[in-house]
Amino acid sequence: MSQHPDTDFLVGNVWEYDDVAERLDAYGKFSDRWDLGANPTCGGCSMSAACGKGCPAAVVAAGERIGAVDTEQCPVVPGQSRMLPVVGAS
Ligand code: SF4
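Since we're looking at a predicted model, the values are computed, not measured.

Draft legend 1. Inspection of helix 1 (residues 20-27) at higher detail. Of all the 8 residues making up helix 1, 0 are buried; the element is thus mostly uncovered. Where helix 1 terminates, the next one or two residues include Gly 28, which has phi positive at roughly 80°.

As structure tokens, this is what we get:
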């Protein structure tokens, strides 16, 4: 389950709002809102200045908050297996 509410990333439903362009402009740049690599590991990493810090969507999908290490992409932190949630279907 995501630690972020959907309102962290959505500006509005295009079917409900006719000012989505303005809403997107008001949202601003992703990098201004979120600090990728805002964790002690990246902060102390010698590659931090050159590192893109992985994929924020993958970090969120793994149940972490944006800023956590993307363990699938990071060459420093040991990878952790990520399991998709099992959902029953009938
Ligand atoms: S290599 Fe890994 S620990 Fe280093 S800055 Fe990039 S994501 Fe962070």
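Draft legend 2. Quick look at unusual backbone geometry. The phi dihedral of Lys 53 falls on the positive side, at around 70°, and the residue is not glycine. If you trace the backbone, Lys 53 turns up in the loop between helix 3 (40-43) and helix 4 (56-61). The class of Lys 53 is buried, set by 21 C-beta atoms lying within 10 Å.

Draft legend 3. Structural view of the environment of Glu 22. For Glu 22, the location among the structural elements is in helix 1. Taking the number of C-beta atoms within 10 Å as the measure of exposure, Glu 22 has 12 and is therefore exposed. Each C-alpha atom, one on Glu 22 and one on Val 11, is 9.4 Å from the other, the two residues being 11 residues apart in sequence.

What counts and how
- Residues numbered from 1 in each chain as written.
- Predicted model: local features only at pLDDT ≥ 70, side-chain atom pairs only at ≥ 80, totals over all residues.
- Buried ≥ 20, exposed ≤ 12 C-beta atoms within 10 Å, placed from the backbone.
- Helix = DSSP H or I, 4+ residues; strand = E, 2+ residues; numbered from the N terminus.

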